Amino acid sequence: MNCNTYPLYSATLLTVLIMAGASPLTHAADSDGDGINDLFDNCSQIANPLQIDADDDGFGNRCDPDLNNSGIVNFADVAIFSGVYLSADPVADFDSSGAVNFIDFSLVADFYLSPPGPGAVIPTYTADAQPIFADKCAPCHTSLGSGGHNIGSTYADAFLDANNPSCAGLNVAQCALIRIQNGSMPRGAGCTGDPVLDVGNSACLSADQQFIIQAWIDGGLPE
Ligand code: HEC
Ligand SMILES: [Ca+2]
Ligand SMILES: [Ca+2]
Ligand SMILES: [Ca+2]
Ligand SMILES: [Ca+2]
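Fair warning: this is a prediction, and the values are worked out from it, not measured in the lab.

J.: How should the overall build of the chain be read in this particular structure?
T.: Helix and strand content of the chain: six helices and zero strands. In the chain, the succession of α and β elements from N to C terminus is α-α-α-α-α-α. Here the chain, with 223 residues, has 28% of them falling under the buried criterion. Once local pairs closer than 6 in sequence are excluded, the contacts in the chain between residues at least 24 apart make up 42%.

Right, here's the structure in full:
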């Protein structure tokens with residue numbers, strides 16, 4: 001795509017998304033161009049539109065020749081690979097062609113002495129989580145400090161101890177996801193917390209938005 005036309009295109013896309021009632025993902029990069037946003041893409045730097053992850057470890061097959069899940073692709077993986085060569089082993093079929101063959105071996109070679117992945121990009125507060133809170137939780141948690149925090153405007157508040165009984169032992173960020181998913185936040189908006197049931201209510205969070213907050217928590221709440 002011509003760079004000069006990109007701002008126009010993205011402004012148009014933004015308008016379309018807003019008109020459709022969907023909130024755009026702010027960290028909207030698709031580095032490998034396979035149609036899956038980096039935040040969700042289990043091989044964020046290699047095109048794998050089907051997202052197959054046969055061993056379910058978070059790295060898609062296409063970037064996961066680490067067969068023993070040691071964190072590095074080395075001789076031990078080659079040994080395992082040799083044992084399933086010319087079989088239909090789903091985990092060693094890195095390109096998901098239906099057969100484990102020389103093409104898959106070349107992918108082992110590409111990753112030799114490297115880690116698998118990279119998988120999905122971890123969301124950050126500034127680029128990903130904060131815009132969602134600022135959109136859905138204002139003004140109560142952007143300026144009013146309802147419930148003792150402004151997670152929609154103040155990063156540090158994510159780490160405060162939560163007070164609500166449904167959040168015992170958790171911080172405010174973890175509590176935010178619980179309260180979103182139990183339908184009690186955003187307060188008074190009529191959300192159930194189930195994105196499928198809430199799809200017609202723009203005050204509620206979409207499945208993608210809940211996923212982003214979950215991944216931000218799982219990733220250690222990076223700023
Ligand atoms: C209309 C105002 C309003 C909106 C919008 C709102 N909240 Fe709240 N929130 C409150 C109030 C009032 C409390 C304190 C009473 C309670 O816990 O129910 C609260 C409490 C909380 C708590 C508990 C904090 C603690 O220490 O236990 C969390 C977490 C929370 N809100 C998250 C959110 C999130 C996330 C959103 C947006 C998705 C949101 N809220 C939207 C008013 C609001
Ligand atoms: Ca992608
Ligand atoms: Ca990919
Ligand atoms: Ca995998
Ligand atoms: Ca194959």
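J.: Got a minute to help me understand the confidence of the model for the chain in this structure?
T.: Mean pLDDT over the chain stands at 91; residues scoring 70 or higher make up 87%. Every residue in residues 1-24 is under pLDDT 50, and counting partners more than four places away or in other chains gives nine contacts.

J.: Please explain the site of ligand 1 as it appears in this structure.
T.: What surrounds ligand 1 is a group of 22 residues, the closest being Cys137, Cys140, Gly147, Asn164 and Met185. Of all the secondary-structure elements, those providing two or more residues to the shell around ligand 1 are α4 (125-136) and α5 (172-181). By residue number, the principal contributor to the shell around ligand 1 is α5, which donates five residues. In terms of residue class, the shell around ligand 1 is built from 11 nonpolar, eight polar and three charged.

J.: Mind showing me how you'd approach the nonpolar core here?
T.: For soluble globular proteins, the rule of thumb is that nonpolar side chains tend to be buried together. With 22 residues, the main nonpolar core has Ala129, Ile132, Ile151, Val172, Ala176, Ile212 and Ile213 as its most contacted residues. Those elements that place two or more of their residues in this core are α4, α5 and α6 (207-218). At five residues, the largest contribution of residues to this core is made by α5. Looking at which domains feed residues into this core, each of domain 1 (23-121) and domain 2 (125-218) gives three or more. Within the second largest apolar cluster, eight residues are counted, among which are Leu67, Val73, Val100 and Leu107.

J.: Would you mind showing me how to read the packing of α4 against α6 here?
T.: Between two packed helices, what matters for the description is the angle formed by their axes and the separation of those axes. For the pair α4 and α6, the least separation of the axes is 10 Å and the interaxial angle reads 130°. Classified by the interaxial angle, the pair formed by α4 and α6 is oblique. The hand of the α4/α6 crossing is left-handed. Contacts between α4 and α6 involve Asp128, Ala129 and Ile132 on the former and, on the latter, Gln209, Ile212, Ile213 and Trp216. When the residues that make up the contact of α4 with α6 are grouped by side-chain class, the tally is five nonpolar, one polar and one charged.

J.: I'm lost on the packing of α5 against α6 in this one. Help?
T.: Viewed as axis vectors pointing N to C, α5 and α6 meet at an angle of 155°, and their least axial separation amounts to 10 Å. Taken as axis vectors, α5 and α6 run roughly antiparallel relative to one another. Like other packed secondary-structure pairs, α5 and α6 cross with a definite hand, here left-handed. Along the contact surface, α5 presents Ala173, Gln174, Ala176, Leu177, Ile180 and Gln181, while α6 presents Gln210, Ile213, Gln214 and Ile217. For the contact of α5 with α6, the class distribution of residues is six nonpolar, four polar and no charged.

J.: Just checking my understanding: could you explain the environment of alanine 54 for this structure?
T.: Structurally, alanine 54 is set in the loop between α1 (6-19) and α2 (75-84). Here alanine 54 falls in the partly exposed class, since 15 other C-beta atoms lie within 10 Å of it. Taking the C-alpha atoms as reference points, alanine 54 and aspartate 93, separated by 39 residues in sequence, lie 8.9 Å from one another. Contact partners of alanine 54, with chain neighbours within four places excluded, come to Asn61, Pro90 and Val91.

Calculation criteria
- Residues numbered from 1 in each chain as written.
- Chains lettered and ligands numbered in written order.
- Predicted model: local features only at pLDDT ≥ 70, side-chain atom pairs only at ≥ 80, totals over all residues.
- Helix = DSSP H or I, 4+ residues; strand = E, 2+ residues; numbered from the N terminus.
- Buried ≥ 20, exposed ≤ 12 C-beta atoms within 10 Å, placed from the backbone.
- Contact = placed C-beta atoms within 7 Å.
- pLDDT = per-residue confidence, 0-100.
- Near = placed C-beta within 6 Å.
- Nonpolar A, V, L, I, M, F, W, Y, C, P; charged D, E, K, R; others polar.
- Core = buried A, V, L, I, M, F, W, Y, C linked by C-beta atoms within 7 Å.
- Domains from an automatic or database assignment.
- Axes fitted to C-alpha atoms, helices over the stretch in contact; angles between N-to-C directions.
- Parallel < 35°, antiparallel > 145°, perpendicular 65-115°, else oblique.
- Left-handed = near helix turned anticlockwise from the far one by under 90°.

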